[in-house]
Amino acid sequence: SLRAGMEELGLPDADRGEILMVGDRFYDIKAACEVGIDSVGVLYGYGNEEELRESGATFIVKTPAEIAGVALGDTGSV
């Protein structure tokens, strides 16, 4: 699980603002929500925009290049 991976890496709650889950399906987005981190739903994978929005994606992007903008604080994404 994502939580177990974060614990194994020794990531305390204070660092969660610096963690970004990137995924193309609702499973990825739900996992991020469960541990309290932001998520980027990507439209170039298997999921669609409706699935990602309904799952609670913090951001949704169309291209891999847009992930960098989200990670650097540019919230002009979809």
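Here, residues in each chain are numbered from 1, in the same order as that chain's written sequence. A pLDDT threshold of at least 70 governs which residues receive local features in this predicted model, and a stricter bar of 80 or more applies before side-chain atom pairs are shown or counted, although totals over entire chains, interfaces and linings include all residues. Excluded from the side-chain calculation are hydrogens and water; included are all heavy atoms of the structure.

> In this structure, what is going on with the overall build of the protein? I would like to understand it.
Each helix is a run of DSSP H or I of at least 4 residues and each strand a run of E of at least 2, with the numbering of both proceeding from the N terminus. Each helix and strand in the protein was counted, giving four helices and three strands. Moving toward the C terminus, one meets the helices and strands of the protein in the order α-β-α-β-α-β-α. Over its C-alpha atoms the protein spans a radius of gyration of 12 Å, differing by no more than 12% from the 12 Å that the globule rule assigns to 78 residues. Along the longest, intermediate and shortest principal axes, the C-alpha atoms of the protein span 30 × 25 × 15 Å. Only C-alpha atoms enter the radius of gyration; for comparison, a globular chain is expected to reach 2.2 Å times N to the power 0.38, where N is the number of residues.

> What is the right way to look at the pattern of salt bridges in this model?
Pairs may arise between side chains of opposite charge once their charged atoms sit close together. Put simply, a salt bridge is a Lys or Arg side-chain nitrogen that is within 4 Å of an Asp or Glu carboxyl oxygen. As enumerated under the stated definition, the model contains two salt bridges in all. A salt bridge links Glu51 to Arg25, with the nearest nitrogen and oxygen atoms 2.8 Å apart. Of this pair, Glu51 sits in helix H3 (residues 49-55) while Arg25 sits in the loop between strand S1 (20-23) and helix H2 (26-35), placing them 26 residues apart in sequence. Notably, a salt bridge pairs Arg53 with Glu49, separated by 2.8 Å at the nearest N-O pair. Here Arg53 and its partner Glu49 are both found in helix H3, four residues apart, which amounts to about one turn of the helix. Per-residue accessibility, obtained with a 1.4 Å probe over protein chains only, is compared with the maximum for each type, and a residue is labelled buried under 20%, exposed over 50%, and partly exposed between these values. According to the relative accessible area criterion, Arg53 is partly exposed, its value standing at 46%.

> Looking at this structure, how should I read the sheet that holds strand S3 (residues 59-61)?
Across a sheet, strands are paired by hydrogen bonds formed along the backbone, either parallel or antiparallel in direction. A pair of strands is considered paired only if DSSP assigns at least 2 bridges between the two. If you walk across this open sheet you meet the three strands as S1-S2-S3, and the pairing is parallel. Both edges of this open sheet fall to S1 and S3, since each of them pairs with a single strand only. This sheet shows a mean twist of 25° between the axes of neighbouring strands, independent of strand direction. Relative to strand S2 (residues 38-42), S1 is paired through four bridges, and the arrangement is parallel. By the bridge assignment, Gly23 is partnered in S2 with Gly41. Residue contacts are counted whenever heavy atoms from the two residues lie within 4.5 Å of one another. Convention adopted: a line fitted to C-alpha atoms gives each axis, helices being fitted over their contacting stretch, and angles between N-to-C directions are expressed from 0 to 180 degrees. Its contacts with the sheet put H2 on S1 and S2, and the angle it makes with S2 is roughly 170°. Each of S1, S2 and S3 touches helix H4 (residues 64-71); the most contacted strand, S3, lies at about 150° to it.

> What is the right way to look at H4 in this model?
Every α-helical turn comprises 3.6 residues, leaving residues that sit three or four positions apart pointing alike. If you check which residues of H4 are buried, you get Ile67, Gly69 and Val70. Projected onto a plane normal to the axis of H4, the buried residues spread over an arc of 160° and lie on a single side. For H4, the exposed residues set more than 90 degrees away from the buried face come down to Pro64, Ala65 and Ala71. Just downstream of H4, Gly73 is the residue with a positive phi angle, here 95°. Summarising the geometry, the arc corresponds to the directions from the helix axis toward the C-beta atoms.

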